[in-house]
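Chain and residue survey
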Amino acid sequence: MTDSRRQPWAFYQLKIALIYMAIILVMLALLNTYPVLVSQDIVFENKKQELVNRANGISSALSGVDTLDGTAVAWAMKSLDLSTENRIVITDGGARVLYDNSTADTNVDKRLLLGEVVEALGGKDVFYSRYRDGQFRSYAVVPVLVRGQVAGTVYLYEADSRQGDLLSSLQFNLLSVSLLILVVVLLVSAAVTTLLARRLGRLLHSVQKVHQGEYGHHTKVKGNDELTQLEMSLNELSDRLLQTESSRRQFVADASHELRTPLASMRLMADSILENEGISVETSREFVDDIRNETARLSRMADKLLTLTKLDAQPVSQLEPVRLADAALRAVRMLTPLAKVKDIAICAELDEHCTVSADSDGCYQIIFNLVENAIKYSPAGQPVLVTLNRDGDSVVLRVRDQGNGIPVEEQQRIFDRFYRVDKMRAREAGGAGLGLAIVGAAVQQFNGHIDVESAPGAGCCFIVTFPAAE
C-alpha cells in the first residue's frame, strides 16, 4: 500500500488505541479507588461501633458517682482497664477537663472547647474518623449522665496505624496489579490494533481495486469473526460485479452483432438499388420490401431491448390480482393470425379461477412470448397447447409445442439475452434471442419461477409457476 493509504489507517490505529487506553484507565481508576473506599467505610463503621461502645462503658462507670469531679473521676478510672486507649479525656458539664491520660497537668481551668464536646453535652453521641498519612484517626464523644442529667462527657481518641498499614498495603498491591494490567493491555492493544488496522487496510485496498474496475479481485480471508464475514461478502460482491460486467460486455457484443447483420443487409440492398441504374422496378420493389422487413425486425428488437431495460431498471410496480385466463385469451387472440399462416392450431385449456398477484401487462407479455415462440418453432400442422390450472397454493401455466426440442445442455442458457439454440433458424423466423429473456425477468419480478421440459425431437414445454393470490 502507498503512504497515502497508510496514513488514514495509522490515524485509525492510534484512535482505536486511545479508545482502548481510555477505557482501561477508567477501569483501573475504579479498581484503585472503589475497593479502597469500601475498605475505608468498613473500617470507619467498625471504629464507630468500637469507640462508641468503649466510651459508653466509661460513661456508665462514671454515671454511678454522686458528683462528677476530679476526685470521683480519678477513683472511677482506677477501676477500669484503660491500657488499650490512646487518649481519654473526661470533662464536666462546663467542658472543664477532669481527667486526661495524655498529660499530668491538673490545671482545673483547662477546658476542652471542641464542637463535638459541646454537641455531646447536648446529649448526643458523636463520632468522627478519617484516614490520613497511613493512620485511621478516630474519636468518639458521649455524654455522662448522673441521676439522669448530662454532667459531662467522655472523649476517646485513637490513631490506628495497624489497619492503616493494611489499607496502605491494599493500595500498593492494587497499584502494582494495575500497572501490570496496564503494561499487558498496552502490549495486547498494540498487537490487536495493528492487526485490525492491517485487516481494515487490506479491505480498503480491495474496495479501491474494485472501485477502479478490477472486478473479481479477492481479499485474503482469515479468521472467523465479523471482519472475515465482511471480507467474504466483499469477495462475493466482487465476483457478482465481475459476472455483471461480463454479462454487460457480452450483451453489448451480442447486441452489436445482432444490429450489424440487418444493417449490413439493408445497406447492401440500398447500394444495389443506387449503383444499378438499369435495375427493374420489380427488383427495386423486392429490395425495398426486404429493407422494410429488416427495419421491422430492428424495430421489434429495439422494443424488446427497451422492455428488458425497463424490467432491469424499474422497481416492481404495484401488484394487483390478475386473472391469468384473461391474459392468456388475449395473447391467444393476438397470435391466432400468425398461427393460421403456418396452419397451426392453438389449443387453450384455461381454469378461470387462477388468480395471481402481478401486473396484467406483464402477465400478457409472458404468455404472448411463450406462445409466439411455440408457434415459430413448431412444424406446420402441429398444435400448440396452452394449459392453466391451480395446483395447491400455486398457479401453473404450461405452453407446449411439437418442435425439435432443446438439448439438455442448452436448457440452462435459453433465458440468456441473445442466446438462441438454432441461430440460423431463429434469425429466419425473425427472432433475436430476447423473448425468453423477457419472460424470465418478468416471471422473477412476480415471485414466480419458470422451468423447461424438453428433449431433442420431442417438443418443448415451458412451465411457469406463480404463488396463487387469495
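Just above sits the structure.
Presented here is a report on the structure given in the accompanying data block.

Calculation notes
Residues numbered from 1 in each chain as written. Predicted model: local features only at pLDDT ≥ 70, side-chain atom pairs only at ≥ 80, totals over all residues. Heavy atoms only, no water. Phe/Tyr/Trp six-rings, centres within 6.5 Å; stacked < 30°, edge-to-face > 60°. Helix = DSSP H or I, 4+ residues; strand = E, 2+ residues; numbered from the N terminus. Buried < 20%, exposed > 50% of the residue type's maximum accessible area, 1.4 Å probe, protein only. Pairing = 2+ DSSP bridges. Axes fitted to C-alpha atoms, helices over the stretch in contact; angles between N-to-C directions. Contact = heavy atoms within 4.5 Å. Core = buried A, V, L, I, M, F, W, Y, C linked by side-chain atoms within 4.5 Å. Patch = residues over 30% accessible without salt bridge, like charges linked within 9 Å, V, L, I, M, F, W, Y side chains within 5 Å. Areas by Shrake-Rupley, 256 points an atom, 1.4 Å probe, with all protein chains shown as cover. Salt bridge = Lys/Arg side-chain N within 4 Å of Asp/Glu carboxyl O. Expected span 1.5 Å × (residues − 1). Polar contact = N/O pair within 3.5 Å; in protein donor to acceptor, adjacent residues only side chain to side chain.

1. Description of the packing of aromatic side chains
Throughout the structure, instances matching the rule amount to five aromatic pairs. An angle of 45° between the planes, with centres 5.0 Å apart, marks the rings of Y131 and F136 as tilted. With centroids separated by 5.8 Å and ring planes inclined at 15°, the aromatic side chains of Y139 and Y155 adopt a geometry described as stacked. In this pair, Y139 is assigned in strand β4 (residues 135-146) and Y155 in strand β5 (residues 149-160), connecting sequence segments 16 residues apart. Classification of Y155 by relative accessible area gives buried; the value is 8%.

2. Regarding the sheet that holds strand β3 (residues 126-132)
The five strands lie next to each other as β2-β1-β5-β4-β3, forming an open sheet whose pairing is antiparallel. Edge positions in the sheet fall to β2 (97-100) and β3, since each of these pairs with one other strand and no more. Geometrically, the sheet is characterised by an average inter-axis angle of 15° between neighbouring strands, direction not taken into account. The pairing of strand β1 (residues 87-92) with β2 spans three bridges and is classified as antiparallel. Across the sheet, residue V89 finds its bridge partner in β2, namely D100.

3. Details of the side chain of Q40
Looking at the secondary structure, you find Q40 in helix α1 (residues 3-62). The residues touching Q40, leaving out its near neighbours within four places in the chain, are Y131, F136 and L167.

4. Focus: the pairing of strand β12 (residues 460-467)
Within β12, seven of the eight residues are buried, which leaves it mostly tucked inside the rest of the structure. Here strand β10 (residues 394-401) pairs with β12 via eight bridges, running antiparallel. When the sheet's bridge partners are listed, V396 is paired in β12 with T465. Examined bridge by bridge, strand β11 (residues 449-454) and β12 share six bridges and lie antiparallel to one another. Within β12, the position partnered with V452 by the bridge is F462.

5. Some thoughts on the sheet that holds β12
In a beta sheet, neighbouring strands pair by backbone hydrogen bonds and run either parallel or antiparallel. With mixed pairing, five strands are arranged side by side in an open sheet as β7-β9-β10-β12-β11. Here the strands that pair on one side only, and so sit at the sheet edges, are β7 (346-350) and β11. Each strand axis lies, on average, 15° off the axis of its neighbour in the sheet, ignoring direction. Where strand β9 (residues 384-391) and β10 come together, seven bridges link them in antiparallel fashion. Across the sheet, the residue bridging to L385 is R400, located in β10. Lying on the sheet, helix α7 (residues 324-341) is in contact with β7, β9, β10 and β12; it crosses β7 at an angle near 175°.

6. Brief notes about the nonpolar core
Counting 43 residues, the largest nonpolar core has L370 and F462 as its most contacted members. If you list the elements that add at least two residues to this core, you get α7, β8 (355-358), α8 (360-377), β9, β10, α10 (435-445), β11 and β12. No other element matches the nine residues that α8 contributes to this core. Residues in contact with L370, not counting those within four places in the same chain, are V399, L436, V439, I450, F462 and V464.

7. Some words on a nonpolar patch on the surface
On the surface, I19, I23, V26, M27 and L30 cluster together into a nonpolar patch covering about 470 Å² of accessible area. Its place among the elements puts L30 in helix α1.

8. Examining α8
Here α8 contains 18 residues, and its C-alpha end-to-end distance of 26 Å stays within 8% of the 26 Å for a straight helix at 1.5 Å per residue. Extensive coverage of α8 is indicated by the burial of 14 of its 18 residues. A distance of 3.2 Å separates the backbone nitrogen of D361 from a side-chain oxygen at the start of α8, and that oxygen is part of D359.

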